Amino acid sequence: MGFWGERLFQNDRDLDLVCILSEHLGVDDIYMPDDPEKLRDELDSGKLEAEFVKLRDGAYASDENLEFFGVKTAVVVLAASVMRHGATISDDFRQHVRKCLNSRLQMYQQAKDDMAAAIDVYRNGTPLDIAGMGLFELANSDERPQGGGLNLLSPQMFNVCETVEDECNTCGKQNDALLHCGRCRKARYCNAECQKKAWKMHKPACAPAA
């Protein structure tokens, strides 16, 4: 289905991440659970904080599915998902979300702005849905963009992803000796392995440097 809107959960990338994160947590669905209160109790039992720590500390470095979407994007989607149900977000988790939002993400600016505002006002125990209209509702509404929406691999998506000079475009690690893409000279990578992993998504937006 691709991208139908510029807010969180208005694209199938976010919902794919929901599936991956739900599996990590051992729960049915962190976005639309059958029993939100039961889910919140499970998350608050320590599962949520443990998952955050794993994401932050690179425990999923070998998870190709997660790397495809980006660990920092996963952190933001995780926080946005559990905030819908009032789950407890620690101060460390909250601060890390802010850090991720200030880095390079595969996410529209509108979604980043929404999350940045929400994370500052969110109160543990009080559900806060910042997503607006979700993918399925939006795809069937009058607000659906003309022309079929945007595709995950479209250059439009990458044009809104700012490039941070000292940050690898694949893993997000900061390094002052990053390698440049030999074609566009804009994308930056730790090494050839990171460049290879990113090529499928970078290729549509990779234009020869002037």
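Notes on the structure in this doc start here. (Residues numbered from 1 in each chain as written. Predicted model: local features only at pLDDT ≥ 70, side-chain atom pairs only at ≥ 80, totals over all residues. Heavy atoms only, no water.)

Here the structure, examined in full by the defined rule, presents 6 salt bridges. Taking the shortest distance from any N to any O, the salt bridge between Arg7 and Asp114 comes out at 2.5 Å. Remark: Asp114 occurs in helix α6 (residues 109-121) and Arg7 occurs in the segment before α1 (12-25); sequence separation between them is 107 residues. On the basis of relative accessible area, Asp114 is assigned to the buried category, the value being 15%. (Salt bridge = Lys/Arg side-chain N within 4 Å of Asp/Glu carboxyl O. Helix = DSSP H or I, 4+ residues; strand = E, 2+ residues; numbered from the N terminus. Buried < 20%, exposed > 50% of the residue type's maximum accessible area, 1.4 Å probe, protein only.)

What helix α5 (residues 91-101) keeps buried is the set Phe93, Arg94, His96, Val97, Cys100 and Leu101. In an axial view of α5, the angular spread of the buried residues amounts to 165 degrees, which keeps them on one side of the axis. Turned more than 90 degrees away from the buried face of α5, the exposed residues are Asp91 and Lys99. Buried positions along α5 lie against α2 (36-56), α4 (71-83) and α6. (Arc of directions from axis to C-beta. Contact = heavy atoms within 4.5 Å.)

The next thing to look at is the nonpolar core. Grouped together as the largest cluster of nonpolar side chains are 42 residues, with contacts concentrated most on Leu78, Phe93 and Met115. Taken together, the elements giving at least two residues each to this core come down to α1, α2, α3 (64-69), α4, α5 and α6. Counting residues per element, this core draws most heavily on α4, which supplies 9 residues. Membership of the second largest hydrophobic core comes to 9 residues, among which are Cys168, Ala187, Ala198 and Cys206. (Core = buried A, V, L, I, M, F, W, Y, C linked by side-chain atoms within 4.5 Å.)

Two elements in contact, α4 and α6, have axes separated by 11 Å at closest approach and are oriented at 55 degrees. In terms of orientation, α4 and α6 fall into the oblique class. Remark: the crossing between α4 and α6 carries left-handed chirality. Contacts from Val76, Ala79, Ala80 and Met83 in α4 reach Met115, Ala118 and Ile119 in α6. Per-class residue counts for the contact of α4 with α6 are 7 nonpolar, no polar and no charged. (Axes fitted to C-alpha atoms, helices over the stretch in contact; angles between N-to-C directions. Parallel < 35°, antiparallel > 145°, perpendicular 65-115°, else oblique. Left-handed = near helix turned anticlockwise from the far one by under 90°. Nonpolar A, V, L, I, M, F, W, Y, C, P; charged D, E, K, R; others polar.)

Together, Asp28, Asp34, Asp35, Glu37, Asp41 and Asp44 give the surface a local cluster of negative charge. Note that Glu37 resides in helix α2. (Patch = residues over 30% accessible without salt bridge, like charges linked within 9 Å, V, L, I, M, F, W, Y side chains within 5 Å. Areas by Shrake-Rupley, 256 points an atom, 1.4 Å probe, with all protein chains shown as cover. Lys, Arg positive; Asp, Glu negative; His and termini not counted. Charge placed at Lys NZ, Arg CZ, Asp CG, Glu CD.)

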